[in-house]
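Here's the letter readout for the chains.
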Amino acid sequence: MALGEQKAEKNEQALIRMEDVSKRFGVLTALSNISIDVREGEFLTLLGPSGSGKSTTLMCLAGFETPTQGRILFRGEDFTHLSPEKRGFGVVFQGYALFPHMTVAENVSYPLIIRKVAKAEREEKVRAMLSTVGLGGYEDRRIQSLSGGQQQRVALARALVFGPKLLLLDEPFSALDRRLRGEMQSELKRIHKQLGTAFVFVTHDQDEALSLSDRIAVFNKGCVEQVATPSAIYEEPASTFVAGFIGDTNLIDVTRVAAADGCDLYHAHYGDTEIICRGPQGAASARLGRLSVRPEDVELHSSAPEGGGTNAIKVRLLRAVYFGGSVEALLGDPADNHFRVRLATTRARHTGLVEGRDYWLSWPKGTGYLVPA
Ligand code: ADP
Ligand code: MG
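Basis of the calculations
- Residues numbered from 1 in each chain as written.
- Chains lettered and ligands numbered in written order.
- Predicted model: local features only at pLDDT ≥ 70, side-chain atom pairs only at ≥ 80, totals over all residues.
- Heavy atoms only, no water.
- Helix = DSSP H or I, 4+ residues; strand = E, 2+ residues; numbered from the N terminus.
- Buried < 20%, exposed > 50% of the residue type's maximum accessible area, 1.4 Å probe, protein only.
- Contact = heavy atoms within 4.5 Å.
- Lys, Arg positive; Asp, Glu negative; His and termini not counted.
- Charge placed at Lys NZ, Arg CZ, Asp CG, Glu CD.
- Pairing = 2+ DSSP bridges.
- Axes fitted to C-alpha atoms, helices over the stretch in contact; angles between N-to-C directions.
- Domains from an automatic or database assignment.
- Buried area = accessible area lost by both parts, 1.4 Å probe.
- pLDDT = per-residue confidence, 0-100.
- Salt bridge = Lys/Arg side-chain N within 4 Å of Asp/Glu carboxyl O.
- Polar contact = N/O pair within 3.5 Å; in protein donor to acceptor, adjacent residues only side chain to side chain.
- Parallel < 35°, antiparallel > 145°, perpendicular 65-115°, else oblique.
- Left-handed = near helix turned anticlockwise from the far one by under 90°.
- Phe/Tyr/Trp six-rings, centres within 6.5 Å; stacked < 30°, edge-to-face > 60°.
- Lys NZ or Arg CZ within 6 Å of the ring centre and 35° of its normal.
- Near = heavy atom within 4 Å.
- Areas by Shrake-Rupley, 256 points an atom, 1.4 Å probe, with all protein chains shown as cover.
- Nonpolar A, V, L, I, M, F, W, Y, C, P; charged D, E, K, R; others polar.

(A) Layout of the overall build of the protein chain. For the protein chain, the count of helices and strands is 11 helices and 21 strands. For the protein chain, the spread of C-alpha atoms along the three principal axes comes to 75 × 50 × 40 Å. A total of 373 residues make up the protein chain; the buried ones form 47% of that total. Counted over contacts in the protein chain with a minimum sequence separation of 6, partners at least 24 positions apart contribute 65%. Of the side chains in the protein chain, 44 bear a positive and 45 a negative charge, and the two mean positions are spaced by 5 Å.

So, in structure tokens, the structure goes:
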């Protein structure tokens, strides 16, 4: 009884736990000491540049690859060496193609046939799942007659129809055009909410990761640099890599970091400029990192900003690039450090941008974040 209770407690902690997993292919280390939890019901995204180990992680979860070192636990049980079929996970991988000669219903019922589900129940489940993915009434259509987005919906239905304990998706929308991609993203989010199944989703697209996920694991060169909510990843990046990979940022070398009295803020300096910023606990005594300031947080002034020089730097406009709704300004200071500022186009018109002219940039106190070294 006590053992059962202990187990129930474990279940709440994590659906899946990857413990210190490494994967080598010959001399190449694809994953080094990865530890990630997948929580019950969550939408977890593995985000990182190409070659950073996202797909290898997913393959280890699916059982198509075996870690060279480390363990993978499912609800507390070691299943590192369990075959893919016995895991009971749904997969939507690139190149995990549909059967082109079969109808939609035949494709979707395939996992049920393998699991020897009776015909009547099978038909009911296929109908319900097709309706969930927005393809109600498409049962008898041929795969070739469907659009790319519809085919992705069939792949999703096939991966979900048997009620998997986890759905694994590897860049499922990368072949779709921008508009369709956005449509499928909101569909996936809706389906996730409706089913309550945990999803592990791989992408190299930061916007996709930020907009879809409950949590994001950021990969870099086979290591996980941070696992956190989208807002924590964006607003409190754990490394300069995370700060630069998720969104644009200005990384500023600051000195003399000290905790500000009576609040969570820090004082720092950039040259003679006093900076008031946020940072992780212990940032004052930690090895010096850099200050990350997002381009959309920075304001541009044609004269020295009121209220003194805190968080304000004198710069020269090097270049301004028009993006329709916004303008991106590249600026340089006398020490030849560069800064990027994103201004709403109306704001940029008001300020008046002239290349070669001097400006001041500033950002609100407490906006920048000290990123650990
Ligand atoms: P991502 O999905 O983030 O783009 P991968 O996990 O596919 O990255 O790859 C991580 C690294 O492992 C890459 O250097 C890749 O070339 C290598 N790799 C992946 N699969 C294999 C394999 N089967 N054999 C040899 N090297 C591989
Ligand atoms: Mg990949």
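(B) Focus on the sheet that holds strand β4 (residues 69-74). The strand order β2-β1-β4-β5 describes an open sheet built from four strands, whose pairing is antiparallel. Looking at which strands have only one partner, the edges of the open sheet turn out to be β2 (28-38) and β5 (77-78). In the sheet, strand β1 (residues 16-25) pairs with β4 via five bridges, with the strands oriented antiparallel. What sits directly across from Glu-19, in β4, is Arg-71. Running over the sheet, helix α2 (residues 54-62) touches β1, β2 and β4 and is turned about 120 degrees from β1.

(C) Focus on the sheet that holds strand β15 (residues 290-293). If you trace the three strands from one edge of the open sheet to the other, you get β11-β15-β21, paired in antiparallel fashion. Of all strands in the sheet, those with a lone pairing partner are β11 (250-252) and β21 (369-371), marking the two edges. Taken over all neighbouring pairs, the strand axes of this sheet differ in orientation by 35 degrees on average, direction set aside.

(D) Seen up close, the domain arrangement of the protein chain. What the domain assignment lists for the protein chain is domain 1 (3-89 + 164-240) and domain 2 (248-372). Measuring from the centre of the C-alpha atoms in domain 1 to the corresponding centre in domain 2 gives 34 Å. Interface of domain 1 and domain 2: buried area, both sides summed, is about 720 Å²; carbon and sulfur atoms make up 52% of it. The three residues of domain 1 that bury the most area against domain 2 are Tyr-234, Pro-237 and Thr-240, which together make up 65% of that side's buried surface.

(E) Quick peek at the confidence of the model for the protein chain. Here the protein chain averages 92 in pLDDT, while 95% of its residues score no lower than 70. This model gives residues 1-11 a pLDDT under 50, and the stretch forms four contacts once residues within four places in sequence are excluded.

(F) Quick peek at the side chain of Arg-87. In this fold, Arg-87 is placed in helix α3 (residues 84-87). The side chain of Arg-87 sits in the buried core without any salt bridge; Asp-78 is the nearest counter-charge, 7.6 Å away. Here Phe-79 takes part through its backbone oxygen, which lies 3.0 Å from a polar atom of the side chain of Arg-87.

(G) Just the packing of helix α6 (residues 148-160) against helix α7 (residues 178-195), in detail. Where α6 contacts α7, the two axes come as close as 11 Å, and the packing angle between them is 20 degrees. By the angle between their directions, the pair α6 and α7 is classed as roughly parallel. Crossing angle aside, the handedness with which α6 passes α7 is right-handed. Taken together, the residues of α7 that come into contact with α6 (itself represented by Gly-149, Gln-152, Arg-153, Leu-156 and Leu-160) are Leu-180, Glu-183, Met-184, Glu-187, Leu-188, Ile-191 and Leu-195.

(H) Representation of the side chain of Glu-171 in the model. Of note, Glu-171 is situated in the loop between β7 (166-170) and α7. No salt bridge is formed by the buried Glu-171; the nearest opposite charge belongs to Lys-54, separated by 4.3 Å. Those residues in contact with Glu-171, other than ones at most four positions away along the chain, are Lys-54, Gln-94, Val-202, Thr-203 and His-204.

(I) Structural view of the pairing of β2. In terms of strand pairing, β1 meets β2 through seven bridges, oriented antiparallel. The residue bridging Lys-23 from the neighbouring strand is Leu-31, located in β2. Between β1 and β2, which pair antiparallel and follow one another directly, the connecting turn spans two residues, one of which, Gly-26, has a positive phi of 60 degrees.

(J) Up close: the environment of Gly-332. Locating Gly-332 in the fold gives a position in strand β18 (residues 326-332). Assessed through its relative accessible area of 10%, Gly-332 is described here as buried. Between the alpha carbons of Gly-332 and His-269 there is a distance of 18 Å; along the sequence they are 63 residues apart. Apart from residues no more than four positions distant in its own chain, Gly-332 is found in contact with Val-315, Arg-316, Leu-318, Asn-337 and His-338.

(K) Layout of the packing of aromatic side chains. Summed over all chains, the structure comprises 10 aromatic pairs. On the basis of an interplanar angle of 65 degrees and a centroid distance of 5.8 Å, the ring pair of Phe-79 and Phe-89 is categorised as edge-to-face. In this pair, Phe-79 is assigned in the loop between β5 and α3 and Phe-89 in the loop between α3 and β6 (90-92), connecting sequence segments 10 residues apart. Relative accessible area serves as the criterion here: at 6%, Phe-79 is assigned to the buried category. What links up through ring pairs into an aromatic cluster is the set Phe-43, Phe-173, Phe-199 and Phe-201. For Arg-87, the ring lying beneath its charged end belongs to Phe-79, and the centroid distance is 4.3 Å. Taking the ring centre of Phe-99 as reference, the NZ or CZ of Arg-158 above it sits at 5.3 Å.

(L) Up close: the site of ligand 1. If you check the shell around ligand 1, you find Phe-25, Leu-28, Ala-30, Pro-49, Ser-50, Gly-51, Ser-52, Gly-53, Lys-54, Ser-55 and Thr-56 and nothing else. Gly-51 places a main-chain nitrogen or oxygen 2.6 Å from an oxygen atom of ligand 1. Between ligand 1 and Gly-53, the relevant distance is 3.0 Å, taken from an oxygen atom to a main-chain nitrogen or oxygen of the residue. For ligand 1, whose accessible area on its own is 560 Å², the fraction buried by protein is 60%. Secondary structure elements with two or more residues in the shell around ligand 1: β2 and α2. For the shell around ligand 1, the element with the most residues is α2, which contributes three residues. Broken down by class, the residue content of the shell around ligand 1 amounts to four nonpolar, six polar and one charged.

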